[in-house]
Amino acid sequence: GCMLPARGSVLLAMLPVMWCFVGAMVFAQETRTLTIEADEWCPINCGTGGQEGVGVELARKVFEPMGYKVRYIIVPWTQALADVRSGKADAVIGASTQDDPGLIFPRTPVLNISDDFYVLNGSPWRYQGPHTLKDKHMGVIEGYGYGRV
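Residues numbered from 1 in each chain as written. Predicted model: local features only at pLDDT ≥ 70, side-chain atom pairs only at ≥ 80, totals over all residues. Heavy atoms only, no water.

Describing unusual backbone geometry
Move 1: Residues Cys42 and Pro43 are joined by a peptide bond in cis, for which omega reads 10°.
Move 2: The residue Pro43 is located in the loop between β2 (33-38) and α2 (54-63) in this model.
Move 3: In the Ramachandran plot, Asp135 falls in the positive-phi region, its phi being about 70° despite a non-glycine side chain.
Move 4: One can find Asp135 in the segment after β5 (111-112).
Move 5: A relative accessible area of 69% means that Asp135 is categorised as exposed. (Helix = DSSP H or I, 4+ residues; strand = E, 2+ residues; numbered from the N terminus. Buried < 20%, exposed > 50% of the residue type's maximum accessible area, 1.4 Å probe, protein only.)

What follows is the structure, encoded as structure tokens:
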């Protein structure tokens, strides 16, 4: 499976956006189709049809000239990871080692991202370490790799 960056961790600022492929090449050579799954996470991977995102565009530019058809499917994140692990999908876009350290990642990142906090204009609050999160409410998405805080 193939992935890009972890979603969310303050401590993982500038986490490399990564691609990984688990068994994709053997399967893809037999079928000549590379199935990539992900949830929507624009601008990296967006909806199907039209502008699909830079990660999907990159996959197409790399694999289509090699004779592979890239099939991009939007599914919940936990399903995308499970499908790659089981071999139902060849790759996922948007993961890091925080999402699944058992996947294969490249030595050189494709892109770097940072995970940041945003506050209302005029708010005095600033993240200065885990202690500043006390009494704060945050939303998270199931299955995303946030790292340790």
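Side note on the sheet that holds strand β3 (residues 69-74)
Move 1: The strand order across the open sheet formed by three strands is β3-β2-β4, and the pairing between neighbours is parallel. The sheet terminates laterally at β3 and β4 (91-92), the two strands that pair on one side only.
Move 2: Across six bridges, β2 lies against β3 in parallel orientation. Residue pairing for β3: Thr35 is matched across the bridge by Arg71.
Move 3: This element, α2, spans β2 and β3 of the sheet and lies at about 160° to β3. (Pairing = 2+ DSSP bridges. Contact = heavy atoms within 4.5 Å. Axes fitted to C-alpha atoms, helices over the stretch in contact; angles between N-to-C directions.)

So, the pairing of β2
Move 1: Of all six residues making up β2, five are buried, and the element is well covered by its neighbours.
Move 2: Handedness of the β-α-β unit built from β2, α2 and β3 comes out right-handed.
Move 3: The pairing of β2 with β4 spans two bridges and is classified as parallel. Residue Glu37 lies in a different strand from β4, and its bridge partner there is Val92. (Right-handed = clockwise from strand over helix to strand, strands pointing away.)

Description of the side chain of Ser96
Move 1: Along the chain, the position of Ser96 falls in the loop between β4 and β5.
Move 2: A polar contact of 3.0 Å, which involves the side chain of Ser96, links it to the backbone nitrogen of Gln98. (Polar contact = N/O pair within 3.5 Å; in protein donor to acceptor, adjacent residues only side chain to side chain.)

Considering the nonpolar core
Move 1: Membership of the largest hydrophobic core comes to 23 residues, with the highest contact counts inside it found for Ile36, Trp77, Val92 and Ile93.
Move 2: Of all the elements in the fold, those that place two or more residues in this core are β2, α2, β3, α3 (77-86) and β4.
Move 3: By residue number, the principal contributor to this core is α3, which donates four residues. (Core = buried A, V, L, I, M, F, W, Y, C linked by side-chain atoms within 4.5 Å.)

Some words on the side chain of Asp100
Move 1: Along the chain, Asp100 turns up in the loop between β4 and β5.
Move 2: Dropping the residues within four chain positions of it, Asp100 is found in contact with Arg85 and Phe105.

Section: the state of the cysteines
Move 1: This structure, assessed with the given rule, holds one disulfide.
Move 2: Covalently, Cys42 is tied to Cys46 through a disulfide, its sulfur atoms 1.8 Å apart. Its torsion about the S-S bond being 130°, the disulfide of Cys42 and Cys46 is classed as right-handed.
Move 3: When its relative accessible area of 9% is taken as the criterion, Cys46 is described as buried. (Disulfide = S-S within 2.5 Å.)

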